[in-house]
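Analysis of the macromolecular model
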Amino acid sequence: MDTKILSTTSENIKLCAKAVKNGELVAFPTETVYGLGANALDATAAEKIYAAKGRPSDNPLIVHVASMNEVSAVVEKIPPIAVKLAAAFMPGPLTLVMKKKPCVPDTVTGGLDTVAVRIPKSSTALSLIRAAGVPICAPSANLSGRPSPTTARHVYNDLYGKIPYILDGGACKIGIESTVLDLTSDKPRLLRPGGLSPEKLREVAGEIEIVQSGKVALCPGMKYKHYAPKAEVLFSAYYENMAQSICDWYDRLSQSGKNPVILCLSQNAEKYGDRATLKVGRTYEDYAHNLFADLRLADDRCHGVVIAEGVEDGGIGSSLINRLVKSSGGRII
Ligand code: AMP
Ligand code: MG
C-alpha cells in the first residue's frame, strides 16, 4: 500500500473522512500527538489499528468525538463530574473513562466495559470527525513501543506502507498525550498524566487519586514498553547539581564508544561544555513539545544513549517525568 501525506485542505479532509467511513485507517494531527484513526463503531476497522501498530489487543483506544452530544452516543451515563470537567477542559488534552454503551465494540475497549473519550482541540481533528459523521478511535500513530509522533513525518517513518493517508497539520502544539482520568470509581483516578496538569484538574474535580506509575497496571496501557527510541535512555533525577553527574555519565559512555547526547533545557546547555546536546527549549512546556521529536532525532543522528535532564515534579513536569521514566525503562541516574 502506498502512504500519502496530505495537506489539510477541505477536499483532503473529506477524502480521509470517506476512508474512515469505509473502514480504512487515517493518521491525523491533534494538539497532543498524531492519532491513528478508524471508525470507532466498526470492530473490523479498529482491528486494523492494532495490526498496523503492532499494539497488544488488550491496550484500549481513545474514542475521539467533536462535541459533548456525541459523548452520549458512546457512554452509558455521563456522570455530573464529567459535565463539569467538559465545561472547563473540553475540547482539550483530557480523556475521560466512563461506562461504555454496547455499540462500542470490545476491540476498541480491549474487552473492558468502559470507554475512554476525548474531544480534541485541533481544528483538523474536529473537521475530520464531523465529516466522517462517526466517532473516531485513535491511539498515537506510532509503532507500538516507539516515541509518539508529533509530526506527519514521524508517522510516515513508522507506518509507511501500512496506512493509506496521513493528514499533515504540522507539529503538534503540546507534544505529549492527553491526561487520562477514570470516572468509574468513587473518586476520580488519574490513570495517565498528560497535557492537562493534576493541579488544574483538582481545581474543578476536587480530590483525585493519583495512580503511581510503576505500580499496578490500572490503566491497561501501563504495563507495556513505551516511548522508547532505539537509543538507550538514561533519565536523571532532578537536583541542584544534576549537570555534574550527567557530565560524568556522558564522559564514561563516550569513552566506551556509546556516542551519547544530553537532552537539556537551552539555558543549561553551557553547563555541558562541548558535549553533544539536544536543546529542548527554555520551559517545561517546550520540553514536552520537543521530547518525542528529539528522541527520534537522537536515533537519526546515531546516538547510542540519550541522557535526559530531570525536571521538577508538578504541572507539566509530572507528565514529563512519567514519559521519561517509561522511555528509559526505569533507568534513572
Ligand atoms: P494512546 O493513545 O496510544 O496513548 O493509548 C490510549 C491510552 O488510553 C492508553 O494508555 C490506554 O490504556 C488508555 N485507555 C483507553 N481506554 C481506556 C479505558 N477504557 N480504561 C482505562 N484506560 C484506557
Ligand atoms: Mg500511544
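Above this note sits the structure.
All of these numbers come straight from a predicted model, not from anything done at the bench. Residue numbers run consecutively from 1 along every chain, following the written order of its sequence. Each chain gets a letter, beginning with A, and each ligand a number, beginning with 1, in the order they are written. It should be noted that, the model being predicted, local features are given only for residues of pLDDT at least 70 and side-chain atom pairs only at 80 or more, the latter also being counted only at that level, while totals for whole chains, interfaces and linings use all residues. Neither water nor hydrogens contribute to the side-chain values; these are computed over all heavy atoms in the structure.

Put simply, DSSP H or I for four residues or longer makes a helix, DSSP E for two residues or longer makes a strand, and each gets a number counted from the N terminus. Check the secondary structure of the chain and you find eleven helices and 15 strands. Taken over C-alpha atoms, the radius of gyration comes to 20 Å for the chain, in line with the 20 Å a tight globule of 333 residues would show. Along the three orthogonal principal directions, the C-alpha set of the chain runs to about 55 × 50 × 30 Å. A 1.4 Å probe rolled over the protein chains alone gives each residue an accessible area, and that area as a share of the maximum for its type sets the label: buried under 20%, exposed over 50%, partly exposed in between. Burial status across the chain gives 57% buried among its 333 residues. Should any heavy atoms of two residues lie within 4.5 Å, those residues are considered in contact. For the chain, the proportion of contacts with a sequence separation of at least 24, taken over those separated by at least 6, is 69%. Using C-alpha atoms as the atom set, the radius of gyration is obtained and then compared with a globule rule of 2.2 Å times the number of residues to the power 0.38.

This part takes up the sheet that holds strand β8 (residues 165-168). Strand pairing is assigned whenever DSSP detects at least two bridges linking the two strands. Strand order in the open sheet formed by eleven strands is β1-β8-β2-β3-β7-β4-β6-β5-β9-β10-β11, with mixed pairing between adjacent strands. In the strand order of this sheet, the two ends are held by β1 (4-7) and β11 (209-210), each with one partner. Across three bridges, the pairing between strand β9 (residues 179-182) and strand β10 (residues 189-192) is antiparallel. Each residue of the ladder has a partner; that of leucine 181, found in β10, is leucine 190. Under this scheme, a helix contributes an axis fitted over its contacting stretch, all axes are lines through C-alpha atoms, and angles between N-to-C directions fall in the 0 to 180 degree range. Strands in contact with helix α7 (residues 152-159) are β1, β2 (26-28), β3 (35-39) and β8; relative to β8, the strand with the most contacts, it is inclined by about 165°.

Any two rings among Phe, Tyr and Trp, with Trp reduced to its six-membered ring, count as a pair given centres within 6.5 Å; such a pair is stacked if its planes are under 30 degrees apart, edge-to-face if over 60, and tilted if neither. Evaluated as defined, the whole model comprises two aromatic pairs. On the basis of an interplanar angle of 55° and a centroid distance of 5.1 Å, the ring pair of tyrosine 156 and tyrosine 160 is categorised as tilted. Given the relative accessible area of 23%, tyrosine 156 is considered partly exposed. The lysine or arginine in question, arginine 153, covers the ring of tyrosine 156, its NZ or CZ lying 4.7 Å from the ring centre. Sitting over the ring of tryptophan 249, arginine 252 keeps its end group 4.8 Å from the ring centre. Two conditions define a charge sitting above a ring: the NZ of Lys or the CZ of Arg must be within 6 Å of the ring centre, and it must be within 35 degrees of the ring normal.

Before going further, it helps to spend a moment on the pairing of β3. Among the five residues in β3, five count as buried, and that is most of the element. Where β2 lies against β3, three bridges are found, and the strand directions are antiparallel. Note that in β3 the partner of phenylalanine 28 across the bridge is glycine 35. Hairpin connection of β2 to β3: six residues between the antiparallel strands. The pairing of β3 with strand β7 (residues 136-137) spans two bridges and is classified as antiparallel. The residue of β7 that forms the bridge with asparagine 39 is isoleucine 136.

Moving on, we come to the environment of methionine 98. Turning to its location among the elements, methionine 98 is positioned in strand β5 (residues 94-99). For methionine 98, a relative accessible area of 3% puts it in the buried group. As a C-alpha pair, methionine 98 and leucine 183 span 85 residues in sequence and 5.7 Å in three-dimensional space. Discounting chain neighbours no more than four positions away, the residues touching methionine 98 are Val71, Val75, Ile78, Pro79, Ala82, Asp113, Thr114, Val115, Val117, Leu183 and Thr184.

Once β9 ends, the chain turns through six residues before running back antiparallel as β10. Summarising the sheet, β10 and β11 pair through two bridges and their orientation is parallel. By the bridge assignment, arginine 189 is partnered in β11 with glutamate 209. For crossovers, right-handed means that the path from the first strand over the helix to the second runs clockwise, given strands pointing away from the viewer. Chirality of the crossover, the property in question, places the unit of β10, helix α8 (residues 198-205) and β11 among those that are right-handed.

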